[in-house]
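As a plain string of letters, each chain reads:
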Amino acid sequence: MLRQWSVQASGEPEPEPAGEELWEQEMERLCSSQEPVRVLPYAMVDKRFIRQLREPEGVKTSCWQQWRRRQQTAGRRLGEAARRLARGCGLWEGALYEIGGLFGTGIQSYFTFLRFLLLLNLLTLLLTTSFVLLPLTWLRPPDRGPALNFTLQCPGGHQPQTGVPKFNNLLWNVLTGRAFNNTYLFYGAYRAGPESSSIYSIRLAYLLSPLACLLLCFCGILRQMVKGLPQKMFLGQDYRSPLSAKVFSSWDFCIQGQEAATIKKHEISNEFKVELEEGRHLLMVQHQTRAQRACHLLTYLRVNILIGLLVVGAISAIFWATKYSQDNKEESLFLLLQYLPPGVIALVNFLGPLLFVFLVQLENYPPNTEVNLTLIWCVVLKLASLGMFSFSLGQTLLCFGRNKTSCESYGYNACDYQCWENSVGVELYKLSIFNFLLTVAFTFLVSLPRRLLVERFSGRFWAWLDREEFLLPKNVLDIVEGQTVTWMGLFYCPLLPLLNSIFVFLTFYIKKYTLLRNSRASPRPFRASSTIFFFQLVLILGLLLAAVPLGYVVSSIRSSWDCGLFTNYSAPWQVVPELVALRLPPPSQRILHYLGSHAFSFPLLILLSLVLTVCVSQSQASARAIRGLRKQLVWQVQEKWHLVDDLSRLISEPGSGDSLGPESPHSRGSRPRSFCPGFPCPGSPGPRAPRPEPSLEDPAGLRGVRVPVRSCRFPSGSEL
């Protein structure tokens, strides 16, 4: 039924002609618009009124349209209920809300990043289990046959290691991985029969599963990176959202509990701190002179050279520690040598950032520059240490740059390592275990005693010591290092994602306890969009660091002769041409050979060039559209200001409401109470300060302007 709004009794001013004209334009726009009624910014009764206007009397919708509308409404409500249920049952939702309110969205993004890594590891584990472990269990792999009959030409009669544990302590065997040498945790326990006798190829699944996992992780990280791009990259460096928008629209009026209100106030306060810190830094950069910039550049180069020398020394120490550990396994210090490379890596990653911060603070850099410079070098140190660790393992096991008899004959150091894939998997397993144990030990043996001592004693020294500062970059780099180690071990230790999932799950609660009990919040605020983009960027660099050695090993390195799935292949990738020749018809083989040939690279390069050209053109068009929309926003604000001036002048004129034009069918009597012409209520006339022109930083042009607003009455009698 059409809702009617009656006109008030005498004494009410009737609407002005300008207001009636605007009202008619608004009604025509609403009636002709295809915009869904549910997204319009009006009350529910007014939305019903608009729906009735779009379906006038005498025009009835068909049963099909009514059924379709009901189905769309039911589907939309079901989807909203499912999303609310997923948010309510989501992992760590309550903890993330509490952390975000108390410490800001920057710290909250770290714990959200932990949840994202947990999901990546579970997805990787699901793929490995579905395509490798379950088919392998179902097909019942053959028993381990007799050892291959070949004689190693080792110098001095040296025989290959048999892999029998030298120490029988169970805990030590678990920590070093020796207890799982013959399990599916490592590469050597996987076996399969000839490819011609099996329907499902375990070898192909084992080969492609790590590659598929890395590809899926890359797509997921890239998606999160695009979502976390800073807003200023699209709006430009000169754009700044007005603080007035945050002042008047940040509060959630649905909050009822005192605890939730306190958390929300902390969250709003942290957002203001971030905005003010960015504004202060931008102002400082703008006021620098040319001489100050030149001096800043020289000190910047000097500090970077010193830090670069420290990084070179650190990765050299990692190289020699790994080499010494692998070359001296029979000495009396065998127990210590087992964890020498992880220990050196942990020591380098602990002392390196401290030295970086010390060198940067000596130059009195601004806080943002100090943080960014330290972050960059910490990322370089973390990734370089893992890269050097991989290279030193390759030099020892695969004889990179070394001339040995066994390396020339078999492609790897067969005299010292009978199953070199297991040896690499054991080293990565130990590194993952050591990183987690170091996190636990630092939390309960350093942070907790420090907090207890600071609370127990008073004095200048204890006030200076204070609680540990929760360093967001350091914690992020630690978990990225663990995730990179997991990706590096996908081929050698397929179940390492299961272990890392457990570690990430426990790390969440350990870091939450550290943040809430043992630490103090960092005085440097972090914006969530910037931190998320930085996290994903570092993670994708770690993914590339893991993918490059894996691709080289799969395509070029000779597999072990006496363990694993690829004992009879010159390289693991050779199973792919064999299966193509066995399973595919000749036309498909010719197509695949063409796709893998150099002749296909030229059309592929042309296609990629066209795609890249389209993407660049679309990006430039989007940038032009954004600039046009920003200009249009400024023009609309200017037009609304002129209309406000006109309405103020009309109200101030005596008897302006007596001369009304002809009424339209939708004026006065049928006007909903929440409808206003779309602008602020006109202010009372009188002298006022000149209004500033709108700008890109202040689109509304309201900064520093006080507009007197008086009661705005509508025909229904309601007041604004």
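Residues numbered from 1 in each chain as written. Predicted model: local features only at pLDDT ≥ 70, side-chain atom pairs only at ≥ 80, totals over all residues. Heavy atoms only, no water.

Undergrad: I'd like to hear about the overall build of the chain, residue by residue, with values.
TA: Helices and strands together make up the secondary structure of the chain, namely 23 helices and two strands. Across the 720 residues in the chain, those meeting the buried criterion constitute 39%. Of all intrachain contacts in the chain linking residues separated by at least 6 positions in sequence, the fraction that spans at least 24 positions is 78%. For the chain, the exposed area adds up to about 41,200 Å²; of that, 63% sits on carbon and sulfur atoms. (Helix = DSSP H or I, 4+ residues; strand = E, 2+ residues; numbered from the N terminus. Buried < 20%, exposed > 50% of the residue type's maximum accessible area, 1.4 Å probe, protein only. Contact = heavy atoms within 4.5 Å. Areas by Shrake-Rupley, 256 points an atom, 1.4 Å probe, with all protein chains shown as cover.)

Undergrad: Let's hear about the environment of Phe389: which residues, and what values?
TA: Here Phe389 lies in helix H14 (residues 367-397). C-alpha separation for the pair Phe389 and Trp320, spaced 69 residues apart in sequence, amounts to 9.6 Å. In this structure Phe389 touches Ile318, Thr322, Pro341, Ile345, Glu427, Leu428 and Leu431, once residues within four positions along its chain are discounted.

Undergrad: Please provide a residue-by-residue account of the side chain of Thr514, values included.
TA: Relative to the assigned elements, Thr514 resides in helix H19 (residues 496-518). Residue Thr514 is classed as buried on the basis of its relative accessible area, which comes to 5%. A polar atom in the side chain of Thr514 sits 2.9 Å from the backbone oxygen of Ile510. Residues contacting Thr514, with those up to four places away along its chain left out, are Thr443, Glu468 and Ser519. (Polar contact = N/O pair within 3.5 Å; in protein donor to acceptor, adjacent residues only side chain to side chain.)

Undergrad: Could you give an account of the side chain of Asn422, naming the residues involved and the relevant values?
TA: If you trace the backbone, Asn422 turns up in helix H16 (residues 420-456). In this structure the side chain of Asn422 is engaged in a polar contact, spanning 3.5 Å, whose partner is the backbone nitrogen of Tyr187. What Asn422 contacts, discounting residues up to four positions off in sequence, is Asn181, Phe186, Tyr187 and Gly188.

Undergrad: Tell me what's going on with a nonpolar patch on the surface, and back it up with residues and numbers.
TA: A cluster of nonpolar side chains, Leu91, Leu498, Ile502, Phe505, Leu506 and Tyr509, forms an exposed patch at the surface whose accessible area comes to about 490 Å². A residue is classified by how much of its surface remains accessible, and Tyr509, at 39% relative accessible area, is partly exposed. (Patch = residues over 30% accessible without salt bridge, like charges linked within 9 Å, V, L, I, M, F, W, Y side chains within 5 Å. Salt bridge = Lys/Arg side-chain N within 4 Å of Asp/Glu carboxyl O.)

Undergrad: Please set out the nonpolar core residue by residue, giving values where relevant.
TA: Soluble globular proteins tend to pack their nonpolar side chains together in the buried interior. By size, the foremost hydrophobic cluster in this structure holds 113 residues, and its most contacted members are Tyr110, Phe111, Phe113, Trp420, Trp487, Leu539 and Phe566. Broken down by element, this core gets its largest block of residues, 14 residues, from helix H5 (residues 105-139). Setting aside residues no more than four positions away along its own chain, Leu539 makes contact with Phe113, Phe116, Leu117, Leu120, Ile221, Val480, Gln483 and Trp487. (Core = buried A, V, L, I, M, F, W, Y, C linked by side-chain atoms within 4.5 Å.)

Undergrad: Tell me about the packing of aromatic side chains, and please be specific about residues and values.
TA: Considering all chains together, one arrives at 31 aromatic pairs under this definition. For the ring pair Phe111 and Phe470, a centre distance of 6.3 Å and an interplane angle of 15° mean the geometry is stacked. Of this pair, Phe111 sits in helix H5 while Phe470 is found in the loop between strand E1 (468-469) and helix H18 (472-488), placing the two residues 359 residues apart along the sequence. Of the two residues, Phe111 and Phe470, both sit in the buried class. Within the aromatic cluster, the residues linked to one another by ring pairs are Tyr184, Tyr187, Tyr190, Tyr206, Trp420, Phe491, Tyr492, Phe566 and Tyr569. Over the face of the ring belonging to Phe457 we find Arg456, whose NZ or CZ atom lies 5.4 Å from the ring centre. (Phe/Tyr/Trp six-rings, centres within 6.5 Å; stacked < 30°, edge-to-face > 60°. Lys NZ or Arg CZ within 6 Å of the ring centre and 35° of its normal.)

Undergrad: Talk me through the state of the cysteines; I want residue IDs and the actual numbers.
TA: Summed over the entire model, instances satisfying the criterion amount to one disulfide. Through a disulfide, Cys419 is tied to Cys563; the S-S separation comes to 1.9 Å. Taking the torsion about the S-S bond as the criterion, the Cys419 to Cys563 disulfide, at about 85°, is right-handed. With Cys419 in the loop between helix H15 (405-410) and H16 and Cys563 in the loop between helix H20 (528-556) and helix H21 (575-583), this residue pair connects regions lying 144 residues apart in the sequence. (Disulfide = S-S within 2.5 Å.)

Undergrad: Kindly report on the environment of Leu126, identifying the contributing residues and their values.
TA: With respect to the element layout, Leu126 can be found in helix H5. Leu126 sits in the exposed class, given a relative accessible area of 51%. Through-space distance from the C-alpha of Leu126 to that of Cys213 is 9.8 Å; in sequence the pair is 87 residues apart.

Undergrad: Hey, could you go over unusual backbone geometry for me, with residue numbers and the actual values?
TA: Look at Trp92: it is not a glycine, yet its phi comes out positive at around 65°. If you check the backbone angles, Asp466 has positive phi at about 55° while not being a glycine. Structurally, Asp466 can be placed in the loop between helix H17 (460-465) and E1. Of the residues examined, Asp466 reaches a relative accessible area of 29% and is grouped as partly exposed.

Undergrad: Would you mind going over the pattern of salt bridges in detail, with residue names and values included?
TA: Inspection of the entire model under this criterion finds nine salt bridges. Glu93 serves as the salt-bridge partner of Arg115, at 3.0 Å between the closest nitrogen and oxygen. Taken together, the residues Arg115 in helix H5 and Glu93 in helix H4 (residues 93-103) connect sequence positions 22 residues apart. With a closest N to O distance of 2.6 Å, Glu455 and Arg467 form a salt bridge.

Undergrad: For the confidence of the model for the chain, give the residues involved together with the corresponding values.
TA: Summarising the model, the chain shows a mean pLDDT of 75, and 73% of its residues fall at 70 or more. Note on residues 162-166: pLDDT under 50 across the span, and nine contacts to partners over four residues away in sequence or across chains. Scored below 50 in pLDDT, residues 656-720 shows 131 contacts in the model against residues more than four places distant or in partner chains. (pLDDT = per-residue confidence, 0-100.)

Undergrad: Talk me through the packing of H16 against H19; I want residue IDs and the actual numbers.
TA: Interhelical geometry of H16 versus H19 gives an angle of 10° and a closest axis separation of 11 Å. As far as their axial angle goes, H19 and H16 are roughly parallel. For the crossing formed where H16 meets H19, the hand is left-handed. Residues Tyr429, Ser432, Ile433, Phe436, Thr439, Val440, Thr443, Phe444, Ser447, Leu448 and Arg451 of H16 lie in contact with H19, whose contacting residues are Leu496, Leu499, Phe503, Leu506, Thr507, Ile510, Lys511, Tyr513, Thr514, Arg517 and Asn518. (Axes fitted to C-alpha atoms, helices over the stretch in contact; angles between N-to-C directions. Parallel < 35°, antiparallel > 145°, perpendicular 65-115°, else oblique. Left-handed = near helix turned anticlockwise from the far one by under 90°.)

Undergrad: Provide a residue-level description of the environment of Leu490, including the pertinent values.
TA: By the element assignment, Leu490 lies in the loop between H18 and H19. Relative accessible area serves as the criterion here: at 4%, Leu490 is assigned to the buried category. Expressed as a C-alpha distance, the spacing of Leu490 and Leu550, which sit 60 residues apart in the sequence, is 8.8 Å.

Undergrad: Just give me the short version of the packing of H4 against H5, but keep the residues and values in it.
TA: The interhelical angle for the contact between H4 and H5, taken along N-to-C directions, is 155°, at an axis separation of 7 Å. Classed by the angle they form, the pair H4 and H5 counts as roughly antiparallel. In contact with Glu93, Leu96, Tyr97, Ile99, Gly100 and Phe103 of H4, H5 contributes Thr105, Ile107, Gln108, Phe111, Thr112 and Arg115. Classifying every residue of the contact of H4 with H5 gives six nonpolar, four polar and two charged. (Nonpolar A, V, L, I, M, F, W, Y, C, P; charged D, E, K, R; others polar.)

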